[in-house]
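Each chain is listed here by its residues.
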Amino acid sequence: MTTALVPGSFDPFHNGHLEVVERATRLFDFVIVAALRNPQKSEPLFDLDERQEMMNESMAHLPTVRIVSVSTLLVEVARDVGASVIVKGLRAVSDFENELQMAQMNRQLSGVETLFIPTSSSHSFVASRLLREVARYGGDVSAFVPAAVNERLRAKFGGVS
Ligand code: PNS
């Protein structure tokens, strides 16, 4: 039985993330999706509990997926859930440098491998940072996020339906 770990800030979770998780479920028996704090990023829009709730609703159709939210080192989460592989999506070359560094650090810390899945081109421009900005100014992001996330963004900022 293989378990993969899909980590991220997921602030908020969007359709590009969902695509990566769905593709990971076809490669591994179990997939743990972990919402974590990224210490490089400023104050989050949603707290970890809110993110976990939205992700539970957005991935209710995926029976082999479990969602956790933790404030700890990623390699500790991988060890605790028995994951031998970390799965990350790559949208563009610009993602690669940082992701490569994290993959190498995580492997050095614990031996865990990282597998990169290239996202489809239809999601390559979708980023949580941009979605927060568009939603904050009342723009419509419903094409880029699951319904559960769109509802929370509208509740926070209002905007078009
Ligand atoms: O979606 P993001 O912001 O690119 O995800 C980055 C994340 C949350 C996976 C990364 O910041 C992380 O692993 N945070 C947990 C703390 C940790 O283990 N840091 C060392 C990374 S080498």
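Our structure's up above, just so we're on the same page.
Let me begin by describing the structure that accompanies this report. Bear in mind the structure is a predicted one, so any value in this text is a computation, not a measurement.

**Structural notes on unusual backbone geometry**
Next up, step 1: The omega torsion of the bond from aspartate 11 to proline 12 falls at 5°, within 30 degrees of zero and hence cis.
Next up, step 2: Within the secondary structure, proline 12 sits in the loop between strand S1 (3–8) and helix H1 (15–25).

**Section: the side chain of serine 58**
Next up, step 1: Its place among the elements puts serine 58 in helix H2 (residues 48–58).
Next up, step 2: The exposure class assigned to serine 58 is buried, which follows from its relative accessible area of 8%.
Next up, step 3: Side-chain polar atoms of serine 58 contact the backbone oxygen of methionine 54, separated by 2.7 Å.
Next up, step 4: If we skip the residues at most four places from it in the chain, serine 58 touches Phe13, Leu18, Pro146, Ala148 and Val149.

**Let's talk about the sheet that holds strand S5 (residues 113–118)**
Next up, step 1: Strand order in the open sheet formed by five strands is S3-S2-S1-S4-S5, and the pairing between neighbours is parallel. Edge positions in the open sheet fall to strand S3 (65–70) and S5, since each of these has one partner strand only. This sheet shows a mean twist of 30° between the axes of neighbouring strands, independent of strand direction.
Next up, step 2: Summarising the sheet, S1 and strand S4 (residues 85–90) pair through two bridges and their orientation is parallel.

**Notes on the site of the ligand**
Next up, step 1: The ligand sits among 13 residues. The nearest are Ser9, Asn38, Lys41, Leu73 and Leu74.
Next up, step 2: Between the ligand and the protein, one listed contact pairs a nitrogen atom with a backbone N or O atom of arginine 37 at 3.3 Å.
Next up, step 3: Between the ligand and leucine 74, the relevant distance is 2.8 Å, taken from an oxygen atom to a main-chain nitrogen or oxygen of the residue.
Next up, step 4: Out of a free accessible area of 540 Å², the ligand has 83% covered by protein chains.
Next up, step 5: Here the shell around the ligand takes three residues from helix H4 (residues 93–110), the largest share from any one element.
Next up, step 6: Here the shell around the ligand is built from residues that sort into five nonpolar, five polar and three charged.

**A look at a nonpolar patch on the surface**
Next up, step 1: A grouping of Leu73, Met105 and Leu109 is seen on the molecular surface, where their side chains present a nonpolar patch of about 310 Å² in accessible area.
Next up, step 2: Within the element layout of this structure, leucine 109 appears in helix H4.

**Details of the pairing of S5**
Next up, step 1: As paired strands, S4 and S5 are joined by six bridges and run parallel to one another. By the bridge assignment for S5, lysine 88 is matched with phenylalanine 116.
Next up, step 2: In this view, the connection linking S4 to its parallel neighbour S5 by way of H4 has right-handed handedness.

**Quick notes on the packing of aromatic side chains**
In this description, an aromatic ring pair is defined by two values, namely the gap between the centres and the angle between the planes.
Next up, step 1: The full count for this structure, using the stated rule, is three aromatic pairs.
Next up, step 2: On the basis of an interplanar angle of 65° and a centroid distance of 5.6 Å, the ring pair of phenylalanine 10 and phenylalanine 13 is categorised as edge-to-face. The residues phenylalanine 10 and phenylalanine 13 share a single accessibility class, namely buried.
Next up, step 3: Centre to centre, the rings of phenylalanine 96 and phenylalanine 116 are 5.9 Å apart; their planes meet at 70°, and the pair counts as edge-to-face. Of this pair, phenylalanine 96 sits in helix H4 while phenylalanine 116 sits in strand S5, and the two are 20 residues apart along the sequence.
Next up, step 4: Judged by its relative accessible area of 36%, phenylalanine 96 is partly exposed.

**Focus on the pattern of salt bridges**
Next up, step 1: Tallying each qualifying case throughout the model produces nine salt bridges.
Next up, step 2: Residue arginine 152 pairs with glutamate 57 through a salt bridge whose shortest N-O separation is 2.8 Å. Of this pair, arginine 152 sits in helix H6 (residues 147–157) while glutamate 57 sits in helix H2, and the two are 95 residues apart along the sequence.
Next up, step 3: Note that lysine 88 and glutamate 99 form a salt bridge whose closest N and O atoms lie 3.2 Å from each other. Of this pair, lysine 88 sits in strand S4 while glutamate 99 sits in helix H4, and the two are 11 residues apart along the sequence. The pair lysine 88 / glutamate 99 is uniform in exposure class, with both members buried.

Procedures and definitions
Residues numbered from 1 in each chain as written. Predicted model: local features only at pLDDT ≥ 70, side-chain atom pairs only at ≥ 80, totals over all residues. Heavy atoms only, no water. Helix = DSSP H or I, 4+ residues; strand = E, 2+ residues; numbered from the N terminus. Buried < 20%, exposed > 50% of the residue type's maximum accessible area, 1.4 Å probe, protein only. Polar contact = N/O pair within 3.5 Å; in protein donor to acceptor, adjacent residues only side chain to side chain. Contact = heavy atoms within 4.5 Å. Pairing = 2+ DSSP bridges. Axes fitted to C-alpha atoms, helices over the stretch in contact; angles between N-to-C directions. Near = heavy atom within 4 Å. Areas by Shrake-Rupley, 256 points an atom, 1.4 Å probe, with all protein chains shown as cover. Nonpolar A, V, L, I, M, F, W, Y, C, P; charged D, E, K, R; others polar. Patch = residues over 30% accessible without salt bridge, like charges linked within 9 Å, V, L, I, M, F, W, Y side chains within 5 Å. Salt bridge = Lys/Arg side-chain N within 4 Å of Asp/Glu carboxyl O. Right-handed = clockwise from strand over helix to strand, strands pointing away. Phe/Tyr/Trp six-rings, centres within 6.5 Å; stacked < 30°, edge-to-face > 60°.

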